[in-house]
Amino acid sequence: MKYFSHTVKDKGIIFFICMTISLIFVTMFSLSTSPLYVDRWIGSDSAIFQVIGCNWSKGNLPYVCTWDSKGPFIFLIDAIGYWLTDSRLGIYFIQILSFSFALLVSFNWFHTIFSVGKSYLFSIFFTLCALLDYDFGNLTEEYVLPLLMISFYFIYKWMNGIVENKYYFHPYKYSLIYGLTTGFCMMTRFTNCVGLLVGMIFILICLVKKRMWMNILENIMIFLIGFLLIVLPFVIYFHLHGALDEMWFGTLFYNISYAHNSSFDFSLFGILLLCKRYIVVLFLILASCLFILLNRHRRLEGYLWLSVSLFTMIYLSQTNGYIHYGLIGLPYICISVIKLYQIEKFKIAVKV
């Protein structure tokens, strides 16, 4: 990323701006943790996570003393927050840091194509798009966002290598991040990585077609290392405390039965509501279709992003349609903006 080519002073300015935007965003819109609001979201998912996290910080084991149908990482985040400040203020600080990193990735992603000024403007647009699905804050999608951003940036970078150099080799260090991200999702809410899983399957198909068996094996091994770095500590911890079965039930098995009972309204109103709530995903579907139609020499790239966004929308249409589910599609804003710009750039080049 271009961020690493900047001087120390420039890096500091960029990070300070991202922190400032994040501070304003979380303070204004995290209704369940911001010091501006008092006890407005009792009974919400965030409140449940806070109760479990607070109890864990005092030695009361999740899934045994308190219970919810999420992975332990979200409870650990809230536990760390309460351990830091003995209040939800600690969670608020973690949220600011988390969204700052997501913004930093968005800025540097945009900066691979655009000037510094335009990259800041598009990063603000990215932040405004986050408002569409942010809900009340302190939810699983918010904390996995930085890892999802980096993962999709690496997929984007790999695909650019194919388009520009016909070079299919997939760096195994990327798979470490994919593994960390998938592990994080497994330990919070596994379906948060649905788009990433589709992207990884697409990469695998391309590598299989090119018979790059050693590259595939390297990536699988490094992916598993990243995945286990996140998952294994929780498995060991809950096993040592005699609560491993309880952890897997709350993390995975209960949610399978919950998913079977999920439903969405497929009337005209329901479909319009689906598109409105998850417009960031719809944006990439439309941008991908345009890209395929107008950039015929780069159709493979369009098929990748169409697959990722379409399967994400299909998944979201099978859920109960909660607003915050759409936050996993926020990285798609970076992809959509860049792909639409490249379409226009291609059209101009053809006219010339």
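In what follows, the structure referred to is the one given above.
Definitions and cut-offs
- Throughout, a residue's number is its position along its own chain's written sequence, starting from 1.
- Since the coordinates come from a predicted model, pLDDT governs what is reported: local features require at least 70, and pairs of side-chain atoms require 80 or more to be given and counted, while whole-chain, interface and lining totals use all residues.
- With hydrogens and water excluded, all non-hydrogen atoms of the structure serve as input to the side-chain values.
- Think of it this way: any DSSP run of H or I at least four residues long counts as a helix, any run of E at least two long counts as a strand, and we number them from the N terminus.
- When we talk radius of gyration, it's over C-alpha atoms, and the globule rule is simply 2.2 Å times the number of residues to the 0.38.
- Any two residues whose heavy atoms approach within 4.5 Å at even a single point are treated as in contact.
- Accessibility throughout is a Shrake-Rupley quantity obtained with a 1.4 Å probe, and a residue counts as covered only by protein chains that appear here.
- Neither His nor the chain termini are counted; the positive set is Lys and Arg, and the negative set is Asp and Glu.
- To locate a charge, take atom NZ for lysine, CZ for arginine, CG for aspartate or CD for glutamate.
- Side-chain atoms within 4.5 Å link the members of a nonpolar core, which is a set of buried Ala, Val, Leu, Ile, Met, Phe, Trp, Tyr and Cys residues.
- The cut-offs for exposure are 20% and 50% of the maximum accessible area for each residue type, with area from a 1.4 Å probe on protein chains only; residues under the lower value are buried, those over the upper are exposed, and the others partly exposed.
- We count a salt bridge whenever a side-chain nitrogen from Lys or Arg sits within 4 Å of a carboxyl oxygen from Asp or Glu.
- Stacked, edge-to-face and tilted labels apply to pairs of Phe, Tyr and Trp rings (six-membered ring for Trp) whose centres lie within 6.5 Å, assigned for plane angles under 30 degrees, over 60, and everything in between, in that order.
- Lysine NZ or arginine CZ positioned within 6 Å of the ring centre and within 35 degrees of the ring normal marks a charge as sitting over the ring.
- The span you would expect from a helix comes to 1.5 Å times its residue count less one.

Colleague: Before we go on, may I ask you to explain the overall build of the protein chain in this structure?
Modeller: A tally of helices and strands in the protein chain yields 14 helices and zero strands. Starting at the N terminus and ending at the C terminus, the protein chain contains elements arranged as α-α-α-α-α-α-α-α-α-α-α-α-α-α. Taken against the 2.2 N^0.38 rule, which gives 20 Å for 352 residues, the C-alpha radius of gyration of the protein chain at 21 Å falls within 12% of a compact globule. Its C-alpha atoms put the protein chain at 65 × 50 × 45 Å along the principal axes. Excluding contacts between residues fewer than 6 apart, the proportion of contacts in the protein chain whose partners are at least 24 apart in sequence is 77%. For the protein chain, the exposed area adds up to about 16400 Å²; of that, 71% sits on carbon and sulfur atoms. A distance of 16 Å separates the average location of the 24 positive side-chain charges in the protein chain from that of its 17 negative side-chain charges.

Colleague: Looking at this structure, I do not really get the nonpolar core. What am I missing?
Modeller: Here is a general trend for soluble globular proteins: nonpolar side chains tend to be buried in one another's company. Formed by 104 residues in total, the largest nonpolar core has its most connected members in Trp 109, Phe 126, Phe 152, Tyr 178, Met 187, Phe 238 and Trp 305. Sorting elements by how many residues they give to this core places helix α6 (residues 140-165) first, with 14 residues. The residues touching Trp 109, leaving out its near neighbours within four places in the chain, are Met 149, Phe 152, Tyr 153, Tyr 156, Pro 331, Cys 334, Ile 335 and Ile 338.

Colleague: So what exactly am I meant to see when it comes to the pattern of salt bridges here?
Modeller: When charged atoms on two side chains of opposite charge get close, those side chains can pair. Using the criterion set out here, one finds three salt bridges in the structure. Between Glu 301 and Arg 298 there is a salt bridge, and its shortest N-O distance comes to 2.9 Å. Since its relative accessible area comes to 1%, Glu 301 is described here as buried. The exposure class assigned to Arg 298 is buried, which follows from its relative accessible area of 14%. Among the salt bridges present, the one from Glu 301 reaches Lys 339, with a minimum N-O distance of 2.2 Å. A residue pair is termed long-range when its members are at least 10 positions apart, and Glu 301 in helix α13 (residues 299-317) and Lys 339 in helix α14 (residues 331-351) qualify at 38 residues. Taken together, the salt bridges that share partners define one network made up of Arg 298, Glu 301 and Lys 339.

Colleague: Just to check I follow, could you spell out the packing of aromatic side chains for this structure?
Modeller: Working definition: an aromatic ring pair is given by the centre-to-centre distance plus the angle between the planes. As enumerated under the stated definition, the model contains 32 aromatic pairs in all. Through a chain of ring-to-ring contacts, three or more aromatic side chains come together here, namely Phe 49, Trp 56, Tyr 63, Phe 75, Tyr 237 and Phe 238. Above the face of the Tyr 325 ring, Arg 189 is positioned so that its terminal group lies 3.8 Å from the ring centre.

Colleague: What am I meant to see in unusual backbone geometry here?
Modeller: What you tend to see is this: most non-glycine residues have negative phi, and most peptide bonds are trans. Even without a glycine there, the phi angle at Tyr 63 is positive, about 70°. Looking at the secondary structure, you find Tyr 63 in the loop between α2 (45-57) and α3 (72-85). On the accessibility criterion, Tyr 63 (6% relative accessible area) is buried. The residue Lys 166 is not glycine, and still its phi comes out positive at about 55°. Mapping Lys 166 onto the fold places it in the loop between α6 and α7 (172-186).

Colleague: Can you walk me through α6 in this structure?
Modeller: Along an α-helix, residues three or four apart share an orientation, since each turn contains 3.6 residues. The end-to-end C-alpha separation of α6 is 37 Å, in line with the 38 Å expected for 26 residues at 1.5 Å each. Summarising burial for α6: 21 of the 26 residues are buried, a large majority. Residue Lys 166 follows α6 closely and has a positive phi angle near 55°.

Colleague: Sorry if this is basic, but what is going on with the side chain of Thr 66 here?
Modeller: Looking at the secondary structure, you find Thr 66 in the loop between α2 and α3. When neighbours within four sequence positions are excluded, Thr 66 is seen to be in contact with Ile 52, Asn 55 and Leu 61.

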